[in-house]
Amino acid sequence: MSWGIELWDQYDNLAIHTNKGIEFLDKYANFIRDRLAIETEYAAKLRRLVKNYQPKKKEEEDNEFTSWQAFRKVLNEISDLAGQREVVAESLQLQIIQGISLLSKTLREERKKCLSNGTILHQNLTTQLAALERAKRNYEKAYRDSEKAVENYKKADMDLNLSRAEVERYKNIMTAKIQQSDDAKNEYANQLQKSNNLQQQHYHELLPEVFNRLQELDEKRTRGIREFIISAADVESSVAPIIARCLEGMVKAGESINEKEDSYKVIERYQSGFTPPGDIPFEDLSKMDTLDTSQESHYNHVQSSHLTVKGTISANKIKKRVGIFNIFGSNKNSLTADGQKEDFSDLPPNQRRKKLQAKIAELQQKIQQETAARDGLMKMKVVYEANSSLGNPMTVEGQLNESEHKLEKLKMDLKKYQGYLEKANQIPIANNSPQANRTHSMNNGHRSSRHSNGSTEDNNFDGDFHPDDAGSLSRSDSEDNVAQIQNGHNNNNNGSASPESGLGTSHTSLPGSGHGSTHENAIGEDAYYETEMEPLQPLGTCRALYPFEATSEGSIPMNEGEELQVIEIDQGDGWTRVRRINNTNGWDEGFVPTSYIECTLYA
């Protein structure tokens, strides 16, 4: 189908149609621009939404809960989703808008050129037809004049009254008019032939070529709109997998929420460690001899209860008022920036231990960073001494001395806080508290490392199930062991450096079999006998996937398919504490690799 053949006489309509087609292309470009603006605005609003709901600095302590962590993951996924909407907007701008603009400009220029050619062709044809019309009129006039001249000559020739000269004149006029008529006839014939040839060429060659070119342009426009619509859909499809992964990440974030773990962390955070108040004794006034003793007992009990209430309910208020009541006290325990004592003795036992453990972890990290900085300065000094052109060694000397001073101060602070923690561990904890179970497993498992300065630190910072914390514990243990080996110290009496020995012995091991000071062994014995009297409650069951042979103290062997009780879940070090029921000793407890078992925890 060709426009030049089928629409040979629809020049004006084709001009209007092609103009409407280009206007429609521009209309689609405006649609894409509006959609691009919506995508950009949507992405900006998503980013603003994520920014507005980012956890504040004062809410950082709540990030340990799985629900908060899941919400942060959702915010990250929403941020990624906003990024994909920005990618869509950018792709629409680069691929669609610019393509449409270029195509529209090209089509307008080509259409203008085609219409200009068509106008010229029409003007040429019109001019030729006008010349033909003039030639025809001239021929008609000349023919009428020649007929009239012939008639006049015949009359003059028949008239006997006219002279011969007069008749000859009429004859000459007749001859001239006939000649003019013949010339006009020939001119008319020539113009007619030329007009027919031009008209034939115009409607069969020249104008169809213009119309066919317009047809090509219109088809190019239509094809371009098809490609642009498909490209816009492809732009959306290209980010669909990433958006799907973002949605999957949101689903996984929701599935990662564990209400039991959050409940446990609430206990870990707010548990004071105080025991509930006991029964108030009956005061028998008839026995005056025991009155004073009873009153004293009652007074002590009320005082203990008051401490319990203050430690559990009003801990925050006490924390804020310490600075007021101790203005004129001794400077033995200075106050921190938040109004707490340096050794956190104003906090309940559990909270004090957690604060001290966190402080020790912070100091250990600072020591590692400062040690790395000092080693770097020492290497730089050696290089400068070997090649003075690189720098002056004395410029590094001052920085090196300052680093040594900082490192020594950090080590002193670490030793001081380790002493605070050792004293805090001597305070009894409620037997049924998770912190008591954790402390007991730490003491029996010997989860401590001895630094080169001879101080002992507890590597279980806060007892929470944080994989990051567990990873930092493992790293700190490894780095401490390396430092101790370099300084000539050995922190393991039995010479084992495996994770099993790092976990320590189970409660079935003999007291004092681990490493540590005499005082630590004494605490371990107390915890040992206490656990024998009140065994840990099982947290679930597990099934052995592979056989395991115990190679060091603190671990127990197991057979493939064996059913065991879980009494302490993995703390991030790759080991789980389990219990086996037997008929001889009652039960066996120890640690097995977490990757070797399949756990099913109680709801």
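Residues numbered from 1 in each chain as written. Predicted model: local features only at pLDDT ≥ 70, side-chain atom pairs only at ≥ 80, totals over all residues. Heavy atoms only, no water.

A word on the overall build of the protein chain. A count of helices and strands for the protein chain gives 13 helices and 7 strands. Out of the 603 residues in the protein chain, the part that is buried amounts to 37%. Considering only residue pairs separated by 6 or more positions, the protein chain has 72% of its internal contacts joining residues 24 or more positions apart. When the accessible area of the protein chain is evaluated, it comes to approximately 36200 Å², of which 53% is carbon and sulfur surface. (Helix = DSSP H or I, 4+ residues; strand = E, 2+ residues; numbered from the N terminus. Buried < 20%, exposed > 50% of the residue type's maximum accessible area, 1.4 Å probe, protein only. Contact = heavy atoms within 4.5 Å. Areas by Shrake-Rupley, 256 points an atom, 1.4 Å probe, with all protein chains shown as cover.)

A word on the pairing of strand S5 (residues 575-581). For S5, the buried fraction is high: 6 of the 7 residues fall into the buried class. Looking at chain direction, strand S4 (residues 563-568) and S5 are connected through 3 bridges and run antiparallel. Residue Glu568 lies in a different strand from S5, and its bridge partner there is Arg577. (Pairing = 2+ DSSP bridges.)

This part is about empty space enclosed by the protein. One pass over the full model with this rule turns up 2 cavities of 30 Å³ or more. Its volume calculated, the second largest cavity comes out at about 50 Å³. Mapped by element, the contributors of at least two residues to the lining of the second largest cavity are helix H2 (11-52), helix H3 (66-158) and helix H4 (164-255). Per-element accounting of the lining of the second largest cavity gives the leading share, 4 residues, to H4. (1 Å grid on protein atoms, 1.4 Å probe; cavity = no way out; pocket = protein on both sides within 12 Å on 5 of 7 lines; lining within 4 Å. Points joined across faces, edges and corners; volume = space filled by probe spheres on them.)

Next up on the list: the state of the cysteines. Between two cysteines, a covalent bond joining their sulfur atoms is known as a disulfide. Per the counting criterion, the structure on display carries 0 disulfides. Here Cys542 stays unpaired: no disulfide links it, and the sulfur of Cys599, its closest cysteine neighbor, is 5.1 Å away. For Cys542, a relative accessible area of 1% puts it in the buried group. (Disulfide = S-S within 2.5 Å.)

Another aspect to go through is a nonpolar patch on the surface. Taken together, the side chains of Leu49, Tyr53 and Phe71 make up a nonpolar region of the molecular surface, amounting to roughly 310 Å² of accessible area. Note that Phe71 resides in helix H3. For Phe71, a relative accessible area of 39% translates into the label partly exposed. (Patch = residues over 30% accessible without salt bridge, like charges linked within 9 Å, V, L, I, M, F, W, Y side chains within 5 Å. Salt bridge = Lys/Arg side-chain N within 4 Å of Asp/Glu carboxyl O.)

We now examine the packing of aromatic side chains. Throughout the structure, instances matching the rule amount to 9 aromatic pairs. Ring plane angle 90° and centroid distance 5.5 Å describe the contact between Tyr417 and Tyr420, whose orientation is recorded as edge-to-face. In this pair, Tyr417 and Tyr420 both sit in helix H9 (residues 393-425), 3 residues apart, roughly one turn of the helix. Each member of the pair Tyr417 and Tyr420 is classed as buried. Linked through ring pairs, Tyr546, Phe548, Trp575 and Tyr596 together constitute an aromatic cluster. (Phe/Tyr/Trp six-rings, centres within 6.5 Å; stacked < 30°, edge-to-face > 60°.)

Relative orientation of the contacting elements helix H8 (residues 349-386) and H9 amounts to 160°, with a least axis distance of 8 Å. Comparing their axes, H9 and H8 come out roughly antiparallel. The two elements H8 and H9 meet at a crossing, and its hand is left-handed. (Axes fitted to C-alpha atoms, helices over the stretch in contact; angles between N-to-C directions. Parallel < 35°, antiparallel > 145°, perpendicular 65-115°, else oblique. Left-handed = near helix turned anticlockwise from the far one by under 90°.)

Counted at 1.5 Å a residue, the expected span for H3 with its 93 residues is 138 Å, and the 134 Å between its end C-alpha atoms agrees. Where H3 bends most, at Gln93, the angle is about 30°. (Expected span 1.5 Å × (residues − 1). Bend = angle between axes of the 7 residues up to and from the residue.)

Before going further, it helps to spend a moment on the pattern of salt bridges. The full count for this structure, using the stated rule, is 26 salt bridges. Among the salt bridges present, the one from Arg213 reaches Glu216, with a minimum N-O distance of 3.0 Å. Note that Arg213 and Glu216 are positioned in helix H4 at a spacing of 3 residues, about one turn of the helix. Overall, the relative accessible area of 31% leaves Arg213 in the partly exposed class. For Glu216, a relative accessible area of 44% puts it in the partly exposed group. The network of salt bridges with shared partners includes Arg35, Glu39, Arg85 and Glu236.

In this fold, Ser146 is placed in helix H3. Given the relative accessible area of 5%, Ser146 is considered buried. Every residue in contact with Ser146, bar those within four places of it in the chain, is listed here: Lys177, Ile178 and Ser181.

Within the secondary structure, His202 is located in helix H4. When its relative accessible area of 1% is taken as the criterion, His202 is described as buried. Setting aside anything within four residues of it in sequence, one finds His202 in contact with Leu121, His122, Leu125, Leu207 and Pro208.

It is worth spelling out the environment of Leu36 at this point. Residue position: Leu36 is located in helix H2. On the basis of relative accessibility, which here comes to 15%, the residue Leu36 falls in the buried class. Residues Leu36 and Arg85, spaced 49 residues apart in sequence, show a C-alpha to C-alpha distance of 9.4 Å. If sequence neighbours within four positions are ignored, Leu36 has contacts with Ala89, Leu92, Gln93 and Ile97.

Mean pLDDT over the protein chain works out to 75, with 72% of the residues at or above the 70 mark. Segment residues 298-332: pLDDT under 50, and 32 contacts once partners within four positions in sequence are set aside and those in other chains are kept. In this model, residues 430-533 is a region of pLDDT below 50 whose contacts with residues beyond four sequence positions or in other chains number 209 contacts. (pLDDT = per-residue confidence, 0-100.)

Turning next to the environment of Gly224. Tracing the sequence through the fold places Gly224 in helix H4. For Gly224 and Ile100, which are 124 residues apart along the polypeptide, the C-alpha to C-alpha distance reads 7.9 Å.

All right, on to the packing of H3 against H4 then. Interaxial distance between H3 and H4 falls to 6 Å at its minimum, and their mutual angle equals 170°. One element, H3, and the other, H4, form an angle in the roughly antiparallel class. Partitioned by chemical class, the residues of the contact of H3 with H4 number 50 nonpolar, 22 polar and 19 charged. (Nonpolar A, V, L, I, M, F, W, Y, C, P; charged D, E, K, R; others polar.)

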